Amino acid sequence: MRNNVSEQPRLAVIGAGLSGLRCAALLAEAGYAVTVFEKSRGTGGRLASSRLDGLTTDLGIPYIETRQPDFCQWLETHKTQVQRWQPRESDFSLSAAQVNPARELWVGTPRSSAITRALATKIQLRTETRVSVVWPDKNGVLLRDESADMLGHFDQVVVAAPAPQAAPLLDAVHRFQARAETVQMQPAWIVSLLLETRPEALAQTDLIEGEHPELQRVLRDSSKPGRSGEVWTLQASRQWSEAYLNLSADTVMNEQVAALVALTGDPLVVKAHRVHRWLYCNAVSTESSVALWDADAAIGVCGDWVAGGGVEAAWQSGTELARMILSSNP
Ligand SMILES: Cc1cc2nc3c(=O)[nH]c(=O)nc-3n(C[C@H](O)[C@H](O)[C@H](O)COP(=O)(O)OP(=O)(O)OC[C@H]3O[C@@H](n4cnc5c(N)ncnc54)[C@H](O)[C@@H]3O)c2cc1C
């Protein structure tokens, strides 16, 4: 049922990550009155960034790798918020670091979350608001927060949260809920370090990836365009993160730094650090749909887990859901 005051359809999006904001921005552009609800303090979701002693560090995805031309073209048109990054890469043997011209890597400028912030210009953003109920009734789709307070009625609702957080919001569409409940999400510990000096063994290397029992990535945040200082990010390996999910942040910090010291052979002087645990880092999904839309319930779902996992899937999913909603409301 439409808003009486204006003919603009009212759309609510739950989740201010890339998928939700991509969908929100397209529908706002098409004339919808869009409200985005986000439980955290800002936009980004897994494109999160933080400050470390006044410097920038990306706590979520460290870079975006593109494979699909449409996503790549979209990034090309957002040159204020993203730039190409050409790190000197090596594996954990630390031998012969070099730029890999076959990889197209992008990073947010000045930080990852700039990408989602730029998508939030034509919408109403309500942060620190966790939606806990999504239920269609005679006035539209009703949303309530975790205190059971009403957030309003909407003509359409998009759920753009990671699968385990989306499932409880999908009581009204059981087949979407069942799908969310089958998705596995892998955790990851992240340790950001501000070092006094660059380790000698990493003097020529900006990005290390490959097989290692404790580390998945070691990355020099400060080598990204426009960054400064000596900020490094360690992403713990999937196996290590799963095995030590419940360690204290201090212990994780000590263990991960010890793994880096063992790798480089250099003692490290850490001036500042930040540790973050992602319970839902990567979606393990084998499904082939891109987005989910139920026109009768007026509820849709987008996100990386719907479209196969990864940042590109998140963007494709938000794009596709906007198209599905527009074609069901010409
Ligand atoms: C450390 C790390 C490394 C990664 N590396 C890679 C990589 O190498 N390659 C790759 O392709 N991808 C990688 N990813 C994954 C990639 O970042 C995600 O696939 C993508 O950002 C997901 O976007 P999304 O919009 O689907 O979900 P999210 O970014 O998770 O956004 C969902 C939002 O919903 C909010 N939310 C949840 N529940 C509620 C609620 N009830 N009410 C209100 N708000 C709610 C959350 O707070 C969040 O902001 C990585 C992620 C991390 C964290």
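Residues numbered from 1 in each chain as written. Predicted model: local features only at pLDDT ≥ 70, side-chain atom pairs only at ≥ 80, totals over all residues. Heavy atoms only, no water.

What follows deals with the domain arrangement of the protein. One can read the domain layout of the protein as domain 1 (10-46 + 116-183 + 293-328) and domain 2 (62-111 + 185-283). Each partner contributes to the interface: domain 1 provides 18 residues, whereas domain 2 provides 15 residues. Overall, the association of domain 1 and domain 2 removes approximately 1400 Å² of surface from exposure, summing both partners, and the carbon and sulfur fraction of that is 67%. Counting the surface domain 1 buries against domain 2, the share from its top three residues, Arg 46, Glu 312 and Trp 315, is 40%. Viewed at the interface, domain 2 and domain 1 are joined by zero salt bridges. Here domain 1 and domain 2 share four residue pairs in polar contact (both at pLDDT 80 or more) between them. Elements with a minimum of two residues in the side of domain 1 that touches domain 2: helix H1 (18-29), helix H3 (113-119), helix H4 (163-166) and helix H8 (311-328). When residues of the side of domain 1 that touches domain 2 are assigned to their parent elements, the largest contribution, four residues, is made by H8. (Domains from an automatic or database assignment. Contact = heavy atoms within 4.5 Å. Buried area = accessible area lost by both parts, 1.4 Å probe. Salt bridge = Lys/Arg side-chain N within 4 Å of Asp/Glu carboxyl O. Polar contact = N/O pair within 3.5 Å; in protein donor to acceptor, adjacent residues only side chain to side chain. Helix = DSSP H or I, 4+ residues; strand = E, 2+ residues; numbered from the N terminus.)

Moving on to the sheet that holds strand S14 (residues 156-159). Across the sheet, six strands lie side by side as S10-S2-S1-S14-S21-S20; this open sheet has mixed pairing. Every interior strand has two partners, whereas the edge strands, strand S10 (124-126) and strand S20 (292-294), have only one. Neighbouring strand axes in the sheet, compared pairwise and without regard to direction, differ in orientation by 15° on average. Pairing between strand S2 (residues 33-37) and S10: three bridges, direction parallel. Across the sheet, the residue bridging to Val 36 is Leu 125, located in S10. On top of the sheet, H1 reaches strand S1 (10-14), S2 and S14; it is set at about 165° to S2, its chief contact. Helix-sheet contacts for H8 involve S1, S14, S20 and strand S21 (299-301), and the interaxial angle to S20 is about 20°. (Pairing = 2+ DSSP bridges. Axes fitted to C-alpha atoms, helices over the stretch in contact; angles between N-to-C directions.)

Turning to the packing of aromatic side chains, a few remarks are in order. Taken as a whole, this structure holds six aromatic pairs when the rule is applied. Judged by centre distance (6.0 Å) and plane angle (40°), the ring pair of Tyr 63 and Trp 85 falls under tilted. On the criterion of sequence distance, the pair formed by Tyr 63 in the loop between strand S4 (55-58) and strand S5 (64-65) and Trp 85 in the loop between strand S6 (82-84) and strand S7 (88-90) is long-range, its members being 22 residues apart. With a relative accessible area of 6%, Tyr 63 lands in the buried category. (Phe/Tyr/Trp six-rings, centres within 6.5 Å; stacked < 30°, edge-to-face > 60°. Buried < 20%, exposed > 50% of the residue type's maximum accessible area, 1.4 Å probe, protein only.)

Another point: the site of the ligand. As a matter of local geometry, the ligand sits amid 36 residues, with Ser 19, Glu 38, Arg 46, Arg 217 and Asp 304 nearest to it. In the environment of the ligand, a nitrogen atom lies 3.4 Å from a nitrogen or oxygen atom belonging to the side chain of Asn 282. Contact with the protein chains covers 92% of the free accessible surface of the ligand, which is 1000 Å². Of all elements in the fold, only H1, strand S19 (270-284) and H8 reach the threshold of two or more residues within the shell around the ligand. (Near = heavy atom within 4 Å. Areas by Shrake-Rupley, 256 points an atom, 1.4 Å probe, with all protein chains shown as cover.)

With that settled, the discussion passes to the environment of Ala 96. Inspection of the secondary structure assignment puts Ala 96 in the loop between S7 and strand S8 (98-99). A relative accessible area of 67% places Ala 96 in the exposed class. Along the sequence, Ala 96 and Thr 205 sit 109 residues apart, while their C-alpha atoms lie 8.7 Å from each other.

By the element assignment, Glu 65 lies in strand S5. Side chain to side chain, Glu 65 and Arg 103 meet in a polar contact 2.9 Å long.

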